[in-house]
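# Summary of the model geometry
Chain by chain, the residues run as shown.
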Amino acid sequence: MITKRIIPCLDVKDGRVVKGVNFENLGDVASPVDMAKLYTNSGADELVFYDITASAEGRKLFTEILTETASNVFIPLTVGGGINTIADFDRVLKCGADKVSVNSGAIRNPSLITEAAKLYGDQCVVLSCDIKRVDGEFRVFARGGRDDTGMEAISWIRRCVDMGAGEVVVNSIDTDGVKKGFDIEMLDAVCKAVSVPVIASGGAGSIDDFIELFRKVPTIDAGLAASIFHFGEVSIADLKARMAEEGIPVRIV
Amino acid sequence: MVAIIDYGVGNLFSLRSSLAEIGADAVVTSDEKVIASSDRIILPGVGAFEDAARKLRESGMADVVRREAALGKPLLGICLGMQLMFDKSYEYGEHEGLGLIHGVVRPIADVIPDDYKIPHIGWNALRFTADSPLFKYISEGDYVYFVHSFYAADCDESTLAVTEYGADLTAAAANGNVYGCQFHPEKSGTVGLRILKAFLELHRTGDLK
């Protein structure tokens, strides 16, 4: 039976891991390479590296970190952040990424998804979507959750999947950083709308939050989180042991 | 030395790193002489069957791989590289494979219930259906990482392991010295590295069935 995936996300700025609360007040954590190894050994099913650097120098550092990580870690690696062109796909794939997640780049230029899926296969293209409730609808936000695009989220996600996105990461801005649980309502709506794997992000504060996610949204494929893993509030080994106890299919290492 | 066949398909970074991790001397190559001097061969691949099969033929690598396999050299196809070992594929049409393992490649959608997602992406458990030296360092029930929408069918005699995804899907197969893994050993953590290590220890064998 296919297992539910647990995915730590490493936000990387200038070669270091950071995590914000509601995308603000970034604080330094540790070396991405060390963290990637630690997570892999404790049972992470996949890793996401998110480049939140804006400068060219920061981007170069990110590429070096990515190459070093990919050389030492043998589980799937997804890279996101600043992916706007096919050249960006090419750059991170050459450094060892297995999948590439697109967000604002796809909002600006949706054909990026079609082109990338054609070149690298659907399995390589992950749509990442930052969503917030506005006037009673799920709205897509761009630029790290700063800009309201005015687009309705479910139809946007459907469109991207039709164009070739092979997986979808749903990040609820409403629950991100709050640590009171995943956005069950939003995730359920997305899972009902598409047939590709959906990864839940935003809001995990405890093991119970993951159990609730997999119980209430049985078609969700994975849970993603950052700070609760980085700061040791939840250990991946403990989380997976509890999932197994609860009868949720999980890979124990 | 392990020759990783370079025919313009897929990202070989992880495979190279995994082999380096277990101390293998691996070369990514499309040079016939280098391939001839190798001890064993890996055929990688992601993407569409038709495109990959065409690139394999046009690069001359299809003939090279068949010739080396016939010499009894251990050969491992990974993911699409495994599917290419079979007689043919029904992925968007009908396309000829290398014919090194008997069977055909069909859509997963033919055999799994409608409510299962396609592609089959993620970690799934292996159930052994035959003894194989490829599994000497792993155990039944170990998890490996899959990403695929098509699977090898009509190959019961060659099947080494299956995985359950609404139906039993072929996870590994072999015909003599020719092996195939539907999953990605280079992305399957410690279990995957152990499978690659076992492959590195295979000896040259006799003729194909």
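Our subject in this report is the structure included herewith. (Residues numbered from 1 in each chain as written. Chains lettered and ligands numbered in written order. Predicted model: local features only at pLDDT ≥ 70, side-chain atom pairs only at ≥ 80, totals over all residues.)

Before going further, it helps to examine the interface of chain A and chain B. Each side of the interface is counted separately: chain A has 24 residues, and chain B has 26 residues. Taken together, the residues of the side of chain A that touches chain B sort by class into 10 nonpolar, eight polar and six charged. (Contact = placed C-beta atoms within 7 Å. Nonpolar A, V, L, I, M, F, W, Y, C, P; charged D, E, K, R; others polar.)

Judged by pairing direction, the sheet is mixed, and its four strands sit side by side in the order S6-S5-S7-S11 (chain B) without closing on themselves. Each edge of the open sheet carries a strand with a single partner, namely strand S6 (95–96) and strand S11 (150–153) of chain B. (Pairing = 2+ DSSP bridges. Helix = DSSP H or I, 4+ residues; strand = E, 2+ residues; numbered from the N terminus.)

Right, let's talk about the environment of Phe 229 of chain A for a bit. All names here are of chain A. Position of Phe 229 among the secondary structure elements: in helix H9 (residues 227–230). Its 25 C-beta neighbours within 10 Å are what place Phe 229 among the buried residues. In this structure, the C-alpha to C-alpha distance between Phe 229 and Pro 76, residues 153 residues apart in sequence, is 18 Å. Setting aside its immediate chain neighbours within four residues, Phe 229 contacts Pro 8, Tyr 39, Val 234 and Ile 236. (Buried ≥ 20, exposed ≤ 12 C-beta atoms within 10 Å, placed from the backbone.)

Take helix H5 (residues 111–120) of chain A next. Residues and elements named next belong to chain A. Those residues of H5 that sit buried are Leu 112, Ile 113, Ala 116 and Tyr 120. Along the axis of H5, the buried positions cluster into a sector of 95°, meaning they face one direction only. Contacts from the buried residues of H5 go to helix H3 (86–94), strand S6 (99–102), helix H4 (104–108), strand S7 (125–134) and helix H6 (153–163). (Arc of directions from axis to C-beta.)

Residue and element names in this part refer to chain B. As summarised here, the arrangement of the eight strands in space is S2-S1-S3-S4-S14-S13-S12-S9, forming an open sheet in which the pairing is mixed. Unpaired on one side and paired on the other, strand S2 (26–29) and strand S9 (127–128) mark the two borders of the sheet. With four bridges joining them, strand S13 (residues 168–175) and strand S14 (residues 178–181) adopt antiparallel strand pairing. Pairing of Ala 173 across the sheet is with Gly 180, part of S14. Packed on one face of the sheet, helix H1 (residues 13–21) meets strand S1 (2–5), S2 and strand S3 (40–43) and runs near 160° to S2. (Axes fitted to C-alpha atoms, helices over the stretch in contact; angles between N-to-C directions.)

In terms of nonpolar packing, the biggest core is built from 87 residues, with Leu 47, Val 100 and Val 168 of chain A touching the most fellow members. The element contributing the most residues to this core is H6 of chain A, with six residues. When sequence neighbours within four positions are dropped, the list of residues in contact with Leu 47 of chain A reads Ile 7, Pro 8, Leu 10, Ala 36, Tyr 39, Val 73, Ile 75 and Leu 77 of chain A. Listed in part, the 70 residues of the second largest apolar core include Val 65, Leu 75, Cys 155 and Leu 196 of chain B. (Core = buried A, V, L, I, M, F, W, Y, C linked by C-beta atoms within 7 Å.)

Moving on, we come to the pairing of S1 of chain B. By the alternation rule, side chains of S1 of chain B split into Val 2 and Ile 4 of chain B and Ala 3 and Ile 5 of chain B, which are all buried. As a crossover connection, the stretch from S1 of chain B through H1 of chain B into S2 of chain B is right-handed. (Right-handed = clockwise from strand over helix to strand, strands pointing away.)

The subject of this paragraph is the pairing of S13 of chain B. The side chains of a regular strand alternate, residue by residue, between the two faces of the sheet. Residue and element names in this part refer to chain B. Along S13, seven of the eight residues are buried, which leaves the element largely enclosed by surrounding structure. As judged from the five bridges shared by strand S12 (residues 159–164) and S13, these two strands associate in the antiparallel manner. Bridge pairing in S13 places Glu 164 opposite Asp 168. Between S12 and the antiparallel strand that follows it, S13, lie three residues; Gly 166 among them carries a positive phi value of about 80°.

Our next topic: H3 of chain A. All names here are of chain A. Those residues of H3 that fall on the buried side of the exposure criterion are Asp 88, Phe 89, Val 92 and Leu 93. The buried residues of H3 all sit within an arc of 125° when viewed along its axis, so they share a single face. In this structure, the buried residues of H3 make contact with helix H2 (56–72), strand S5 (77–80), S6 and H5. One or two positions beyond H3, positive phi appears at Gly 96, with a value near 110°.

Quick look at the packing of H3 of chain A against H5 of chain A now. All names here are of chain A. Close contact between H3 and H5 brings their axes to 10 Å; oriented N to C, the two are set at 40°. Comparing the axis directions of H3 and H5 gives the class oblique. In this structure, H3 meets H5 at a crossing whose hand is right-handed. Residues Ile 86, Phe 89 and Leu 93 of H3 form the contact with H5, whose participating residues are Glu 115, Ala 116, Leu 119 and Tyr 120. Across the contact of H3 with H5, the residue classes break down as six nonpolar, no polar and one charged. (Parallel < 35°, antiparallel > 145°, perpendicular 65-115°, else oblique. Left-handed = near helix turned anticlockwise from the far one by under 90°.)

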